Amino acid sequence: NNVFARINEIKNGSKNLSTSLKPEKIVEFENALKDKLSKVNSDKTNSEPVHPFLKSKQSEFEMKENENLEKKESDKKELIKTSVKKSSEKYGVSEDLINAVIRVESNFDKDAVSRVGAMGLMQLMPKTALELGVEKPFDIEQNIDGGTKYLKMMIDKYDGDLDKVLSAYNAGPNNVDAANGIPDFEETKNYVKSIRKILNK
């Protein structure tokens, strides 16, 4: 035992001696390298699950989250489709026209808000929404019902003249009456053109 202990002392002493004989810059480099390798290994350990079971559970959770998002999106699309059909039958306005207005107004984003405060799928202004009896403008069914009701009012007012109907929906009937047609607003001209393009596809 004494001999073995002495051998270890000599070994350790030789290590210390070899280290002490190294130039200071080499010792600093070796220490820095050790620290860097230690940090890299530590980061690898922290970024990966401890056990493959945890990794599989994480993947399973992510898959379920994606499935839930897809289901919600599917449910929303189905509710929009049902609401458009219901409002179309209720007010006698074609589903194609309602869908085209929704596409151009909000691109089917039920939570859309414009820079002037228009809300929801069919972008109802607060005052118009109240006049149409829409209490929840971001509710899919109420918004589509209110927007379709307003379209029907404009169709009746302008005897089905689509340019005037769409212009009134975008710029208001007062501007349409003043121009006796599409008002000289670039936005309104583009709006009518965009919806007509969708309808003619």
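Just above sits the structure.
Description of the structure in this document. (Residues numbered from 1 in each chain as written. Predicted model: local features only at pLDDT ≥ 70, side-chain atom pairs only at ≥ 80, totals over all residues. Heavy atoms only, no water.)

**A short note on unusual backbone geometry**
The test is simple: Helix numbers and strand numbers start at the N terminus; a helix is a DSSP run of H or I with at least 4 residues, a strand a run of E with at least 2. The classification of residues rests on relative accessible area computed with a 1.4 Å probe and restricted to protein chains. Under 20% of the type maximum is buried, over 50% is exposed, and intermediate values are partly exposed.
For Asp159, which is not a glycine, the phi torsion comes out positive at approximately 50 degrees. Within the fold, Asp159 resides in the loop between helix 6 (140-157) and helix 7 (162-171). Judged by its relative accessible area of 73%, Asp159 is exposed. One non-glycine residue with positive phi stands out, namely Asn180, at about 55 degrees. Secondary-structure assignment places Asn180 in the loop between helix 8 (173-179) and helix 9 (186-199).

**Topic: the side chain of Lys164**
Applicable threshold: The charged-residue count follows a simple rule in which Lys and Arg add positive charge and Asp and Glu add negative charge, with His and chain termini not counted at all. Within this document, salt bridges are pairs made up of a side-chain nitrogen of Lys or Arg and a carboxyl oxygen of Asp or Glu, the two lying within 4 Å of each other. Residue contacts follow a heavy-atom distance rule, with two residues in contact if any of their heavy atoms lie within 4.5 Å.
In this fold, Lys164 is placed in helix 7. Here Lys164 is buried and forms no salt bridge, its nearest opposite-charge partner Asp161 lying at an N-O distance of 4.5 Å. Ignoring sequence-local partners within four residues, the contact set of Lys164 consists of Tyr158, Val176, Asn180 and Gly181.

**Overview of the packing of helix 4 (residues 95-106) against helix 7**
As a reminder of what qualifies: In this analysis, axes come from line fits to C-alpha atoms, helices being fitted only over the stretch in contact, and the angle between any two N-to-C directions falls in the range 0 to 180 degrees. Any angle between 65 and 115 degrees counts as roughly perpendicular, while under 35 counts as roughly parallel, over 145 as roughly antiparallel, and the rest as oblique. Should the near helix be turned counterclockwise from the far one by less than a right angle, the crossing is left-handed, whereas a clockwise turn marks it as right-handed. Amino acids outside the nonpolar list (Ala, Val, Leu, Ile, Met, Phe, Trp, Tyr, Cys, Pro) and the charged list (Asp, Glu, Lys, Arg) are all regarded as polar, and Gly is one of them.
In the contact formed by helix 4 and helix 7, the axes pass within 13 Å of each other and the chain directions differ by 40 degrees. Between helix 4 and helix 7, the interaxial angle falls into the category oblique. Every pair of crossing elements has a handedness; the one defined by helix 4 and helix 7 is right-handed. Here Leu97, Val101 and Glu105 of helix 4 come into contact with helix 7, specifically with Leu162, Leu166 and Tyr169. Looking at the contact of helix 4 with helix 7 residue by residue, the classes come out as 5 nonpolar, no polar and 1 charged.

**A few points about helix 4**
For the record, the criterion: How far a helix is expected to stretch is found by multiplying one less than its residue total by 1.5 Å.
Here helix 4 is 12 residues long and its end C-alpha atoms lie 16 Å apart, about the 16 Å a rise of 1.5 Å per residue gives. What helix 4 keeps buried is the set Leu97, Ile98, Ala100, Val101, Ile102 and Ser106. Once helix 4 finishes, Asn107 follows within two positions and takes phi at roughly 55 degrees, a positive value.

**Focus on the layout of surface pockets**
Applied cut-off: Here a cavity means grid points, on a 1 Å grid over the protein atoms only, where a 1.4 Å probe fits yet cannot get out; a pocket means an open set of points with protein on both sides within 12 Å along at least five of seven lines; lining residues are those with an atom within 4 Å of a point. Grid points are joined across faces, edges and corners, and a volume is the space filled by probe spheres set on the points.
Counted as a void, the largest pocket has a volume near 500 Å³. Ala118, Gln123, Met125, Tyr169 and Asn170 are, among the 19 residues lining the largest pocket, the residues nearest its centre. Secondary-structure elements contributing two or more residues to the lining of the largest pocket are helix 4, helix 7 and helix 9. Taken together, the residues that form the lining of the largest pocket break down as 11 nonpolar, 5 polar and 3 charged.

From the geometry alone we can't say anything about function, so treat these as descriptive.
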